[in-house]
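One-letter residues, chain by chain:
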Amino acid sequence: MHRVGAIAVLLAGCGAGVQREDPWAWYAEPGDYDVMEPVAFTDQNYDFTGATAIADLPTPGDFETMFAQSDAPATRDCDGWTTTGELPAEISGIVTLLPRFYFKTSGCVPDPSIDSDEKYYGSYFVQDRTAGYFVLGDSKVAHFDMGDRVTLRVRAIKEAFDQTMIMVHDVLEVERGPEPIYYEAVGDELDATHVSRVVRVEGVVANEPSTFGEIYLDGDQGQRWKMGLDAELNRRGVTWPVGTRLQVTGPVLYSFSEYTIEVMRVGQVEEK
């Protein structure tokens, strides 16, 4: 009993006068930081295509899906599903949108009472010297980035509501960049010639972002353009006050009868 007590006193004496380090000394009050996410752009068009130019890919008819003959669908009960000898085709292009874009489009179940819509979480756009194209992706993780050059084997193409898209593809090669992304400066309102291509517009913010990140810009000559903020940017609260003058650059998607400049990176938008 006496021996244990003596040890306890000794230990207490040894620790006397020692200042313990504050474990929270590194902590500071939270603050706001702007994430820049720069993207390199150029007004000089690309000088390359792949084995097949993107503009030369076969074009399906309204609500038609074209497969390579080796990828013929198992069922013929899906309206508009056909095969073509023009696929597969090999294309190369610069990735013009982060491959994390969400898009839902029609699939195929022979029973019309069953909802056959399919969700694609890793979609993106590619563009070469001749044209751009919307590519449906199936990954929630971006395996490459904007400005990278990719080579794809295109195995199926579909059309739905005037938006044409690569439905099935293989990624054959990725050349890391980033290379500057070519854009076309647009002064008029967007039309079918701009779909899947990268454009740049400048206008004044006309509204607070909607729940889905939709922002409209008013041009100086009465034009109106729509940009769509990625869901992640919307969750982060990325926005600009009404009346702010912005320059926006990105690929154009046609959906719900509107042409939308899609924005996945803060670096696609610049205050003027």
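In this report, the structure presented in the accompanying data block is examined. Numbers given for residues are sequential positions, taken from 1 along each chain in its written order. Local features are withheld for residues below a pLDDT of 70 in this predicted model, meaning they are given only at 70 or higher, and side-chain atom pairs are given and counted only at 80 or more; totals for whole chains, interfaces and linings count all residues. Side-chain numbers come from the whole structure's heavy atoms, not from hydrogens or water.

1. Digging into the pattern of salt bridges
In a structure, side chains of opposite charge can pair up when their charged atoms sit close to one another.
Argument step 1. Counted as salt bridges are all cases of a side-chain nitrogen of Lys or Arg within 4 Å of a carboxyl oxygen of Asp or Glu. Counted by the stated rule, this structure contains 14 salt bridges.
Argument step 2. Between D71 and R155 there is a salt bridge, with the nearest N and O atoms lying 2.9 Å from each other. Residue D71 is located in the loop between strand 2 (65-68) and strand 3 (81-84), and its partner R155 is located in strand 8 (residues 149-160); the two are separated by 84 residues in the primary sequence.
Argument step 3. Given a relative accessible area of 22%, D71 falls into the partly exposed group.
Argument step 4. Judged by relative accessible area, which is 22%, R155 ranks as partly exposed.
Argument step 5. E179 is paired through a salt bridge with R149; the nearest N and O atoms lie 3.1 Å apart. Of this pair, E179 sits in the loop between strand 9 (163-175) and strand 10 (181-182) while R149 sits in strand 8, placing them 30 residues apart in sequence. The way it works is that DSSP assigns letters per residue, a run of H or I at least four long becomes a helix, a run of E at least two long becomes a strand, and they are numbered from the N terminus. Exposure is judged per residue with a 1.4 Å probe applied to protein chains only, and the accessible area is read against the type maximum: over 50% gives exposed, under 20% gives buried, and values in between give partly exposed.

2. Remarks on the nonpolar core
Argument step 1. Among buried residues, the Ala, Val, Leu, Ile, Met, Phe, Trp, Tyr and Cys ones that are joined through side-chain atoms within 4.5 Å form a nonpolar core. Ranked by internal contacts, the top residues of the largest apolar core, which has 26 residues, are F101, F103, F134, L136 and I181.
Argument step 2. We call two residues in contact whenever any of their non-hydrogen atoms come within 4.5 Å of each other. Each residue touching F101, except ones within four places of it in the same chain, is listed here: Y120, Y121, G122, S123, F134, L253, E262 and M264.
Argument step 3. By size, the runner-up hydrophobic cluster in this structure holds 20 residues, among which are V205, L217, L233 and I261.

3. Thoughts on the pairing of strand 9
Looking down a regular strand, the side chains alternate between one sheet face and the other.
Argument step 1. Note: strand 7 (residues 132-135) against strand 9, two bridges, orientation parallel. Bridging from a neighbouring strand, F134 pairs with M165 of strand 9.
Argument step 2. One bridge is not enough; two strands pair if DSSP finds at least two bridges between them. Here strand 8 folds back onto strand 9, and the loop between the two strands holds two residues, one of which, F161, carries a positive phi near 55°.

4. Examining unusual backbone geometry
Argument step 1. Note that the residue after L87, namely P88, is joined by a cis bond; omega there is 5°.
Argument step 2. Tracing the backbone through its elements, the reader meets P88 in the loop between strand 3 and strand 4 (89-95).

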